[in-house]
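Read off the chains here:
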Amino acid sequence: MFLGIDIGTSSVKAVVVDGAQRLIASASTPLAVSRPHELWSEQHPDDWWTAVEAAIAELRAAAGPSWAAIEAIGLSGQMHGAVLTNADGRPLRPAILHNDGRSFAEAAELNRRLPNIGQIAGVPAMPGFAAPKLLWLARHAPAALREARHLLLPKDYVRLRMSGSYATDMCDASGALLLDCARRRWSPELAAACGIDLSLLPPVLEGSAVAGTLRTAVAAAWGLKAGTPLAAGTGDAAAGAVAAGAVNEGDAFISLGTAAQYFVARESYRPAPEHLVHSFCHGLPQRWFQMAALLNGAGALAWAAELLGRQAIGAMLASAEAAFTGPSPLIFLPYLSGERTPHNNAHAKGVLFGLTPSSGAEQVTQAVLEGVALALADCQSYVAATGALPDHIAVNGGGSRSPFWMRILASALGKTVLVQEDSGAGPAFGAARLARLAATGEDPSQVCTKPPIAAEIDPDPALAEAHQERLSRFRKLYQAVKPFCQ
């Protein structure tokens, strides 16, 4: 048995997976995001630990006798979050998250300081990454930066609490924008541009390497064996790919969680900074990936539910599906948290265009689903510019649970969508696979296989044609409102 834990933005998810790669049990604990100022997005690292302990308690009860047989633990987590700790490993301030846009000026400064940053780090500097946040902290919270002895990514703080070990993996290190991605090691040039010493950065390991063992006190509290090995794990994008079996050249999938990614695995490092496509190290040795990173995925649907006063998102989706007659007359730009690919614009805003007195909740819900799908279709063209894409695209993450949304997505992309079994487990399942590799030393190709397909959804030709026209309007609407988003 193997335990996978994913430190997401909206929740902590944990799963138990057996030796036959069957999902034995799962649990989830919600997380809240603090937005004290415009463009800010923060969470306190101790909130992750509290949520992890709650999820573990629930998972332990659900797993039954299987719980005692857990051999190793893997971690996944939201990428790019900057966690500063002191010499005792205590957080010095709330973590600045991936969808925080406050360091937009510092990102632009990094790009000026280091014009070749996209070739070294895999993408130009953007406000969500840890590197420009360090420059922001130097200016606005210098005392915390002076006291800091460690920079960690979200999952790495949780592992510190579990094991006492400081480490990160190649993917999360890439997402910090401080890694030389071709050489898979910290970049002195990038660190110097951010004004930090390399000693602030933890050892960087492959995702399937052992990065510590479970502390005696934590093991006793959780009912597990002391000394249980912990895999280095990986950022949620790569963990989702490990779960989806997207580990070989050209394997592609979409992760539709709070944020969204359009991901293609590569067997060599191919930076494409001119397309704002992220080229990072994968969670497995000698693998890289190219990815369009969208800050706004299923989180836009949660926003719409709150706006419309709907408690049950499932019922809201069912109502929109029942009212469906074709593309919504409304167009939704889903840029509620700014956007990375393809805009690199922290100031981008969400827009709901086309409202009339007859516009209702069902039309708004459908427009939100279509807006996220069109944003992914927009990014698809940029990813395709880096290499050929398959005609079928796997999808995982919470958003993949909606067949209605998947039909919209297939038509917007013009591709057959493959919904994988247990797709909601996503990165947590990938973390469990990395735990297995850390414990057994197996060949990743034997473990990181593609899951069975639960549903195969072809694009509707008429809707696909309509969405191509709507994609043009979608792009024009963004350009029209962009000057007003500063």
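Residues numbered from 1 in each chain as written. Predicted model: local features only at pLDDT ≥ 70, side-chain atom pairs only at ≥ 80, totals over all residues. Heavy atoms only, no water.

Notes on the environment of phenylalanine 332
This is how it is decided: A run of H or I in DSSP counts as a helix once it spans at least four residues, and a run of E counts as a strand once it spans at least two, with each numbered from the N terminus. The contact rule is simple, with two residues in contact once any of their heavy atoms fall within 4.5 Å.
Counting through the fold element by element, phenylalanine 332 comes out in strand S20 (residues 331-334). Distance from phenylalanine 332 to proline 451, taken between C-alpha atoms, is 33 Å for residues 119 residues apart in sequence. Setting aside residues no more than four positions away along its own chain, phenylalanine 332 makes contact with Ala300, Trp303, Val351, Leu352, Ala367, Val368, Gly371 and Phe474.

Overview of the nonpolar core
Our working rule: Within this scheme, the nonpolar core is defined by two criteria: the residues are buried Ala, Val, Leu, Ile, Met, Phe, Trp, Tyr or Cys, and they are joined through side-chain atoms within 4.5 Å. Buried residues are those whose accessible area, probed at 1.4 Å on protein chains only, stays under 20% of the maximum for their type, while exposed residues exceed 50% and partly exposed ones sit between those limits.
Core analysis: the largest hydrophobic core is formed by 61 residues, its most contacted members being Leu134, Leu151, Leu177, Leu178, Leu179, Ile196 and Phe263. Those residues in contact with leucine 151, other than ones at most four positions away along the chain, are Ala82, Val83, Leu84, Leu134, Leu178, Leu200, Leu201 and Pro202. Formed by 56 residues, the second largest nonpolar core is a distinct cluster that contains Leu333, Val364, Ala375 and Cys485.

Comments concerning the side chain of glutamine 21
Let me state the cut-off plainly: Polar contacts, as counted here, are pairs of nitrogen or oxygen atoms within 3.5 Å of one another; within protein the pair requires one atom able to donate a hydrogen and one able to accept it, and residues that are adjacent in sequence qualify only if both atoms are side-chain atoms.
With respect to the helices and strands, glutamine 21 occurs in the loop between strand S2 (11-17) and strand S3 (23-30). Judged by relative accessible area, glutamine 21 falls into the buried class, the value being 18%. A polar side-chain atom of glutamine 21 sits 2.6 Å from a polar atom in the side chain of arginine 433. Look past the residues within four positions of glutamine 21 in its chain and what remains in contact with it is Phe429, Arg433, Arg436, Gln446, Val447 and Thr449.

Notes on empty space enclosed by the protein
Our working definition: Cavities and pockets are defined on a 1 Å grid built over the protein atoms alone: a cavity is a set of grid points where a 1.4 Å probe fits but cannot escape, while a pocket is an open set with protein on both sides within 12 Å along at least five of seven lines, and lining residues are those with an atom within 4 Å of any such point. Grid points are joined across faces, edges and corners, and a volume is the space filled by probe spheres set on the points. Under the scheme applied, nonpolar residues are Ala, Val, Leu, Ile, Met, Phe, Trp, Tyr, Cys and Pro; charged residues are Asp, Glu, Lys and Arg; polar residues are all the others, including Gly.
Tallied over the full model, the rule gives 2 cavities of 30 Å³ or more. In this structure, the largest cavity occupies an estimated 70 Å³ of space. Looking at the largest cavity, it is lined by 13 residues, and the ones nearest its centre are Pro127, Gly128, Leu295, Arg340 and Ala346. When its volume is computed, the second largest cavity comes out at roughly 30 Å³. Taken together, Phe2, Val17, Asp18, Gln21, Ala432, Arg433, Arg436 and Val447 form the lining of the second largest cavity. No other element matches helix H15 (residues 426-440), which puts 3 residues into the lining of the second largest cavity. Among the residues making up the lining of the second largest cavity, the classes are represented as 4 nonpolar, 1 polar and 3 charged.

Structural notes on the packing of aromatic side chains
As a reminder of what qualifies: Aromatic contacts are taken between Phe, Tyr and Trp rings whose centres are within 6.5 Å, Trp giving its six-membered ring; a plane angle under 30 degrees counts as stacked, one over 60 as edge-to-face, and the others as tilted. Charge over a ring is defined by NZ of Lys or CZ of Arg lying within 6 Å of the ring centre and within 35 degrees of the ring normal.
Following the criterion strictly, the structure yields 10 aromatic pairs and no others. Aromatic pair phenylalanine 129 and phenylalanine 280: ring centres 6.3 Å apart, planes at 70°, arrangement edge-to-face. Of this pair, phenylalanine 129 sits in the loop between helix H3 (117-121) and helix H4 (130-140) while phenylalanine 280 is found in strand S18 (residues 278-281), placing the two residues 151 residues apart along the sequence. Each member of the pair, phenylalanine 129 as well as phenylalanine 280, carries the same accessibility label: buried. Of the aromatic side chains, those joined through ring pairs into one cluster are Phe129, Phe253, Phe263, Phe280 and Phe289. Here arginine 102 stacks its cationic end above the ring of tryptophan 136, 4.7 Å away from the centre of that ring. Over the aromatic face of tryptophan 288 sits the side chain of arginine 184, whose NZ or CZ is 4.9 Å from the ring centroid.

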